[in-house]
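Here are the chains, one letter per residue:
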Amino acid sequence: MIKFRALLLYAVVLIAALSSMACASIYQDVVLDSNKWDTSGICTYDLDLGWSWGANGAVLARINDAKPTGSNDPRIRQNITNQTEDIWTDWHVEISNGTNLRNIVVNKVGVGSWTIETYQYCCGFFAHLNTTYDPNNPLAIHQGEKLYVEFTYDVLDPQQPVSILQYPTTNYTLPEPASLLTMLAGVGGMLGIFRRKR
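Here goes a summary of the coordinates provided. (Residues numbered from 1 in each chain as written. Predicted model: local features only at pLDDT ≥ 70, side-chain atom pairs only at ≥ 80, totals over all residues. Heavy atoms only, no water.)

**Topic: the pairing of strand S9 (residues 124-128)**
Summarising burial for S9: 5 of the 5 residues are buried, a large majority. The sheet contact formed by strand S8 (residues 115-118) and S9 spans 4 bridges and is antiparallel. The residue bridging Glu 117 from the neighbouring strand is Phe 126, located in S9. Where S8 folds back onto S9 in an antiparallel hairpin, the turn is made up of 5 residues. (Buried < 20%, exposed > 50% of the residue type's maximum accessible area, 1.4 Å probe, protein only. Helix = DSSP H or I, 4+ residues; strand = E, 2+ residues; numbered from the N terminus. Pairing = 2+ DSSP bridges.)

**Brief notes about the sheet that holds strand S6 (residues 98-108)**
Consider a sheet: its strands pair through backbone hydrogen bonds, and that pairing is either parallel or antiparallel. Across the sheet, 5 strands lie side by side as S2-S4-S10-S6-S7; this open sheet has mixed pairing. The open sheet has two free edges, formed respectively by strand S2 (44-51) and strand S7 (112-113), since each of these has just one partner strand. In this structure, strand S4 (residues 75-82) lies alongside strand S10 (residues 146-155), joined through 7 bridges in antiparallel fashion. From the neighbouring strand, Arg 77 faces S10, where its bridge partner is Glu 150.

**Focus on the nonpolar core**
Of all hydrophobic cores here, the largest spans 36 residues; its most connected members are Phe 151 and Tyr 153. Counting only elements with at least two residues in this core, the list comes to S2, strand S3 (60-64), S4, strand S5 (90-96), S6, S9 and S10. No other element matches S10, which puts 5 residues into this core. (Core = buried A, V, L, I, M, F, W, Y, C linked by side-chain atoms within 4.5 Å.)

**Looking at the packing of aromatic side chains**
Applying the stated rule across the entire model yields 7 aromatic pairs. Ring pairing ties together the aromatic residues Trp 51, Trp 88 and Trp 91, which thus form one cluster. (Phe/Tyr/Trp six-rings, centres within 6.5 Å; stacked < 30°, edge-to-face > 60°.)

**Description of the pattern of salt bridges**
According to the stated counting rule, one finds 5 salt bridges in the structure shown. With a closest N to O distance of 3.1 Å, Asp 154 and Arg 102 form a salt bridge. Of this pair, Asp 154 sits in strand S10 while Arg 102 sits in strand S6; the two residues are 52 residues apart in sequence, bridging distant segments of the chain. Look at Asp 154 and you get buried, because its relative accessible area is 19%. (Salt bridge = Lys/Arg side-chain N within 4 Å of Asp/Glu carboxyl O.)

**Focus on the side chain of Gln 78**
With respect to the helices and strands, Gln 78 occurs in strand S4. Within the structure, Gln 78 has its side chain in polar contact with the side chain of Gln 166 (distance 2.7 Å). Ignoring sequence-local partners within four residues, the contact set of Gln 78 consists of Leu 47, Leu 49, Ile 63, Leu 147, Tyr 148, Val 149, Phe 151 and Gln 166. (Polar contact = N/O pair within 3.5 Å; in protein donor to acceptor, adjacent residues only side chain to side chain. Contact = heavy atoms within 4.5 Å.)

**Here we look at unusual backbone geometry**
Here Asp 65, not a glycine, exhibits a phi torsion of approximately 55°, which is positive. Despite not being glycine, Asn 97 has its phi angle at roughly 60°, a positive value. Structurally, Asn 97 can be placed in the loop between S5 and S6. Given a relative accessible area of 16%, Asn 97 falls into the buried group.

Everything listed here is a matter of geometry and, on its own, says nothing about what the molecule does.
Quick look at the structure:
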């Protein structure tokens, strides 16, 4: 009976995690204006975004045309205003057709920096509070507050477009799906040990 309950709980969490990813869609497309790239030094694009959820609960934003003409190492600088009632504790960025991601800065404007972890499976990163999922942390981004996000990358294939997907994590009271699956695997292992001892 214990094994069945553990498997059922594992299946429910896995289905919820996969369905939340499958149901997510692009809520906002930002097309970068080729005339607004500052090429006087490092090729830089400054962007101000007001973040609010899509009507269907979509959670991703995509920046299109993130490849300036004549430059293979662009830098994006963003001030992102939280226009939701959610409290942000994490920020995710994935760059298609990008490589050599560097000079990453993520912080609450006027307060302090977040911890940054680069992805191993793609060109991108995950930034979060040091005490992740704590809405009382002074670095958490509440409604009306700004998150500053900056990064530099290289264009992998100059013949192909570059786009950037990004989104905040708002479920600060729950671990993310990967953490839940790891935790459940550990619980399953412990249940197996207890069952063998009987």
